[in-house]
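Observations on the model geometry
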Amino acid sequence: MPIRKIFLEEKDIPSQWYNIVADMPNKPKPPLHPGTLEPITGEALAPLFPDELIKQEVSTDKWIPIPEEVRDVYTLWRSTPLYRAYGLEKALDTPAKIYYKYEGVSPSGSHKPNTAVPQAYFNKKAGVKKITTETGAGQWGSALSFACNLYGIECEVYMVKISYHHKPYRKTMMNTWGANVIASPSNLTEAGKKILAKDPDSPGSLGIAISEAVEKAAQDENTKYALGSVLNHVLTHQTIIGLEAVKQMEMAGDLPDVVIAPFGGGSNFAGLSFPFLRLNFEEGKKIRCIASEPASCPKLTRGQFRYDFGDAVGMTPLIPMYTLGHDFVPAPIHAGGLRYHGAGAIVSQLLHDGLIEAQSHMNKEVFEAGVLFARTEGIIPAPEATHGIATAIREAERCKEEGKKETILFNLCGHGNFDMKAYEDYFDKKIQNHELTEEEIKSSLGALNTPMVE
Ligand SMILES: *Cc1c(COP(=O)(O)O)cnc(C)c1O
């Protein structure tokens with residue numbers, strides 16, 4: 001019987017995260033103060049994050065030790081399985097070998113706990129009593145609720161109002177782990193009140209929820225803030241995915257030619273791909289790493305490399321990022337985790353330098369890919385994850401046309417068991433394609449007056 005999936009023994013779970021900054025030919029530029037356009041130092045972040053995470057944010061050390069206590073929690077679900085997708089290969093009749101790393105086996109169902117746990121741990125060590133955050137579709141809020149509960153930290157989640165009403169079970173999940181979930185915009189913050197005064201029926205947005213969570217954390221010295229993507233330390237924590245996958249691919253006797261992952265702010269893409277990029281840097285391998293994004297939010301394929309705010313309201317430093325403009329409002333696609341206007345600084349620099357690639361997909365194509373995957377491999381993917389599957393299928397079809405036996409690895413970053421509304425809409429033919437016109441992109445970027453990144 002051919003081997004279908006590979007695990008690592010607990011003792012072989014990596015004991016260090018990989019910080020790609022150490023190996024990058026051009027380091028990411030530092031964020032800028034929006035008023036002076038001077039680089040921001042780590043200390044400016046102190047009201048929001050504990051020291052240890054700020055150190056990791058600016059670190060150029062190649063390896064960052066994973067505390068034993070965090071590794072111990074990781075073993076609740078890690079290692080995650082590496083699967084060979086025999087069913088999908090057969091359905092596509094491709095000469096390519098397809099593998100996927102499955103992060104949906106975590107308690108909250110995605111890769112997000114890989115960083116939620118160390119973030120809660122380092123906050124606990126710093127004596128923090130409460131953490132605030134935002135969540136859109138609910139994946140990040142669930143992961144942080146789970147992690148805060150482990151360390152007895154109070155967790156307050158500002159959940160985009162429309163998702164709060166559309167995804168009641170995500171809220172209940174967070175409540176089960178003891179978190180307090182608030183529909184955003186709320187009247188608990190000045191930012192929320194301002195929005196509600198203008199528009200009492202505002203459906204909310206990630207940008208607004210970030211503003212509310214940041215405001216609450218900045219007010220109280222025992223409260224900090226946590227972010228689930230974009231920032232350097234978040235990407236570094238996620239490399240546990242790829243470090244495991246490098247070992248598992250070795251055990252399978254294979255090395256990928258192509259590594260693929262869906263892209264929101266960059267954390268699961270970085271997590272899987274950076275340890276393979278290390279092989280390119282160190283051993284001269286030529287592994288292609290492809291980020292998959294929705295055609296309705298195409299910052300990597302059609303955005304500008306420019307300084308921009310991380311939130312919609314303009315409260316954060318200016319980050320050097322591929323962006324569509326911080327007040328860009330993407331179409332309400334079901335892949336809520338991919339509806340973000342920008343990309344993290346590290347991933348943006350790598351794209352600019354031609355060290356990674358990006359592809360975009362229309363909405364109907366990703367649902368077709370997701371349903372084909374569910375019917376051939378069994379697992380129902382999160383709507384975000386279907387984007388990576390669509391790129392993997394595209395690459396497998398290219399291999400068939402070119403008669404090439406390449407090896408493809410993609411990240412199945414979460415299951416879709418809470419996303420039945422999305423699949424229901426697909427079967428009811430309510431899914432629409434949204435492709436931005438040139439004018440829409442120009443008008444959104446035209447509102448920026450920030451510098452380009454050199
Ligand atoms: C949050 C999330 C994403 C997008 O965020 P990244 O930081 O780009 O990984 C994608 N898929 C799932 C399942 C998510 O929960």
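Summarised in this report is the structure supplied together with it.

Procedures and definitions
- Residues numbered from 1 in each chain as written.
- Predicted model: local features only at pLDDT ≥ 70, side-chain atom pairs only at ≥ 80, totals over all residues.
- Heavy atoms only, no water.
- Axes fitted to C-alpha atoms, helices over the stretch in contact; angles between N-to-C directions.
- Helix = DSSP H or I, 4+ residues; strand = E, 2+ residues; numbered from the N terminus.
- Left-handed = near helix turned anticlockwise from the far one by under 90°.
- Contact = heavy atoms within 4.5 Å.
- Nonpolar A, V, L, I, M, F, W, Y, C, P; charged D, E, K, R; others polar.
- Salt bridge = Lys/Arg side-chain N within 4 Å of Asp/Glu carboxyl O.
- Buried < 20%, exposed > 50% of the residue type's maximum accessible area, 1.4 Å probe, protein only.
- Near = heavy atom within 4 Å.
- Polar contact = N/O pair within 3.5 Å; in protein donor to acceptor, adjacent residues only side chain to side chain.
- Areas by Shrake-Rupley, 256 points an atom, 1.4 Å probe, with all protein chains shown as cover.
- Pairing = 2+ DSSP bridges.
- Expected span 1.5 Å × (residues − 1).

1. So, the packing of helix H4 (residues 113-125) against helix H5 (residues 139-150)
Two numbers describe how H4 lies on H5: the axes approach to 8 Å, and their chain directions differ by 40°. Relative to H5, H4 is oriented so that their crossing is right-handed. Side by side, H4 and H5 meet where Pro113, Thr115, Ala116, Val117, Gln119 and Ala120 of the first sit next to Trp140, Ala143, Leu144, Phe146, Ala147, Cys148 and Leu150 of the second. A breakdown of the residues in the contact of H4 with H5 according to their chemical character gives 11 nonpolar, two polar and no charged.

2. Concerning the pattern of salt bridges
One pass over the full model with this rule turns up 28 salt bridges. Lys130 is the partner of Glu156 in a salt bridge, and the nearest nitrogen-oxygen pair spans 3.0 Å. Here the residue Glu156 occupies a position in strand E7 (residues 154-160), and Lys130 occupies one in strand E6 (residues 130-135), the gap between them amounting to 26 residues. Neither Glu156 nor Lys130 differs from the other in exposure class; each is buried. Among the salt bridges present, the one from Glu156 reaches Lys216, with a minimum N-O distance of 3.4 Å.

3. A short note on the site of the ligand
Inspection of the region around the ligand gives 14 residues, with Lys112, Ser229, Gly264, Ser267 and Asn268 positioned closest. The backbone of Gly265 places a nitrogen or oxygen atom 3.0 Å from an oxygen atom of the ligand. Bound to the protein, the ligand loses 96% of the 380 Å² it would expose on its own.

4. Section: the side chain of Asn232
Within the secondary structure, Asn232 sits in helix H10 (residues 232-238). Those residues within four positions of Asn232 in sequence are excluded, and the remaining contacts are Glu57 and Ile346.

5. Some words on the sheet that holds E7
Strand pairing in a sheet relies on backbone hydrogen bonds. The paired strands run either parallel or antiparallel. Taking strand neighbours across the sheet as the criterion, the four strands line up as E8-E7-E6-E9 in an open arrangement whose pairing is parallel. A strand with exactly one partner marks an edge of an open sheet, and here the two such strands are strand E8 (180-184) and strand E9 (223-225). Neighbour-to-neighbour, the strand axes of the sheet open up by a mean angle of 25°, direction not taken into account. With six bridges joining them, E6 and E7 adopt parallel strand pairing.

6. Looking at H4
Relative to the 18 Å expected for 13 residues at 1.5 Å per residue, H4 spans 18 Å between its end C-alpha atoms, a close match to the ideal helical length. Within H4, burial applies to Pro113, Asn114, Thr115, Ala116, Val117, Pro118, Gln119, Ala120, Tyr121, Phe122 and Asn123. Once H4 finishes, Gly127 follows within two positions and takes phi at roughly 80°, a positive value.

7. Quick notes on the pairing of strand E5 (residues 97-102)
Burial within E5 is extensive, with five of its six residues counted as buried. Of the strand pairs in this sheet, strand E4 (residues 82-84) and E5 are connected by three bridges, and their pairing is antiparallel. Of the residues in E5, the one forming a bridge with Tyr83 is Tyr100. As judged from the six bridges shared by E5 and strand E15 (residues 407-412), these two strands associate in the parallel manner. Each bridged residue has a counterpart across the sheet, and for Tyr102 the counterpart in E15 is Leu412.

8. A word on the pairing of E6
For E6, a buried count of six out of six residues is recorded, marking the element as mostly surrounded by other parts of the structure. Taking every second residue as pointing to the same face, both faces of E6 are buried, with Lys130, Thr132 and Glu134 on one and Ile131, Thr133 and Thr135 on the other. Alignment of E6 against E9, held across three bridges, turns out to be parallel. Its bridge partner lying in E9, Lys130 is registered against Thr223.

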